[in-house]
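Reading the structure
Here are the chains, one letter per residue:
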Amino acid sequence: MAAFLVADGGSGAGGPRPPTTDEANRLAITRFRNYQAQGRAVTITVPGTAGGLTVTGSVDYRRKLGYGVVHGTGRDTSSDGLIQWTRTSVFVHPMANAPAHAPASPPRSGWYSRPLQSSGSALDTSLAIALKLGSDRPDNAELLPQNGAAWWGRDQVDGHRVDVMTGPSSPGRSGTAGSVRYWIGSDGTMYRVRVRVSSEPQPVVIDFDTQKYVPVKPVPGTTPTR
């Protein structure tokens, strides 16, 4: 993921500074919290010079599987429809009048599949980022400050008081600290993530709990890899 990100400046006040022990501990468990929850409801705002896309749906962090509905913003409806994705594949179901929320059970037909692109697509990069926001184990809290994690300030997201922190450099990729910005609650719950994509002037924004979480069911005939 780090190959497609650049530093994201801007939100929160008072920082940056190294995180306290408590702040580092919460940053270390925030992706694990998503995994513990099984899945989270998400709204992914994807930037685009010709108009953006919004994906409203759910991500299953145990099976690394996302599902939702896509709507264009400031553009035509040619990209609208249902979408499901794994770490390697994207399944799309075009719809002329896409609903506000994806049906709990994916349609049995009308799907088209393609590989998830590792570069050159803001949508695919956003989908890949969303899947990586869950982990089956906490990160090492002691290493986070050493590798560039920082506290930037405090904020509120949908009534939740949060700390705004940036993550460390990715393993093997020095200089990428600050690429991902997290809005994290007092118990380590992740409420928002913002990431800049190198091909777009505006960041990808992933908001959590924007609607009720609906367990993700695979597109008929597919078997997600764990």
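Heads up: these notes are all about the structure in this document.

Section: helix α1 (residues 21-36)
With 16 residues, α1 extends 22 Å between its outermost C-alpha atoms, agreeing within 8% with the 22 Å of an ideal straight helix rising 1.5 Å per residue. Looking at α1, one finds that the buried residues are Glu-23, Ala-24, Arg-26, Leu-27, Ala-28, Thr-30 and Asn-34. Once α1 finishes, Gln-38 follows within two positions and takes phi at roughly 80°, a positive value.

As for helix α2 (residues 122-131)
The buried count for α2 comes to 10 of 10 residues, which makes it a mostly enclosed element. Looking only at α2, the buried set comprises Ala-122, Leu-123, Asp-124, Thr-125, Ser-126, Leu-127, Ala-128, Ile-129, Ala-130 and Leu-131.

Considerations on the side chain of Ser-135
For Ser-135, the position within the fold is in the loop between α2 and α3 (143-146). Setting aside residues up to four positions removed in sequence, Ser-135 forms contacts with Arg-31, Phe-32 and Tyr-35.

Structural notes on the layout of surface pockets
Taken as a whole, the second largest pocket encloses approximately 170 Å³ of empty space. Lining the second largest pocket are 13 residues, with Val-70, Ser-79, Ile-83, Val-92 and Leu-123 positioned closest to its centre. At the level of secondary structure, the elements contributing two or more residues to the lining of the second largest pocket comprise β5 (81-85) and β6 (89-94). A breakdown of the residues in the lining of the second largest pocket according to their chemical character gives 7 nonpolar, 4 polar and 2 charged.

Details of the packing of aromatic side chains
Here the distance between the centres and the angle between the planes together describe a pair of aromatic rings. Taken as a whole and assessed by the stated rule, the structure comprises 0 aromatic pairs. Above the plane of the ring of Tyr-35 lies Arg-62, whose end atom (NZ or CZ) is 4.5 Å from the centre. The ring of Trp-183 carries Arg-192 above its face, with NZ or CZ at 5.8 Å from the centroid.

What counts, and where the lines are drawn
Residues numbered from 1 in each chain as written. Predicted model: local features only at pLDDT ≥ 70, side-chain atom pairs only at ≥ 80, totals over all residues. Heavy atoms only, no water. Helix = DSSP H or I, 4+ residues; strand = E, 2+ residues; numbered from the N terminus. Expected span 1.5 Å × (residues − 1). Buried < 20%, exposed > 50% of the residue type's maximum accessible area, 1.4 Å probe, protein only. Contact = heavy atoms within 4.5 Å. 1 Å grid on protein atoms, 1.4 Å probe; cavity = no way out; pocket = protein on both sides within 12 Å on 5 of 7 lines; lining within 4 Å. Points joined across faces, edges and corners; volume = space filled by probe spheres on them. Nonpolar A, V, L, I, M, F, W, Y, C, P; charged D, E, K, R; others polar. Phe/Tyr/Trp six-rings, centres within 6.5 Å; stacked < 30°, edge-to-face > 60°. Lys NZ or Arg CZ within 6 Å of the ring centre and 35° of its normal.

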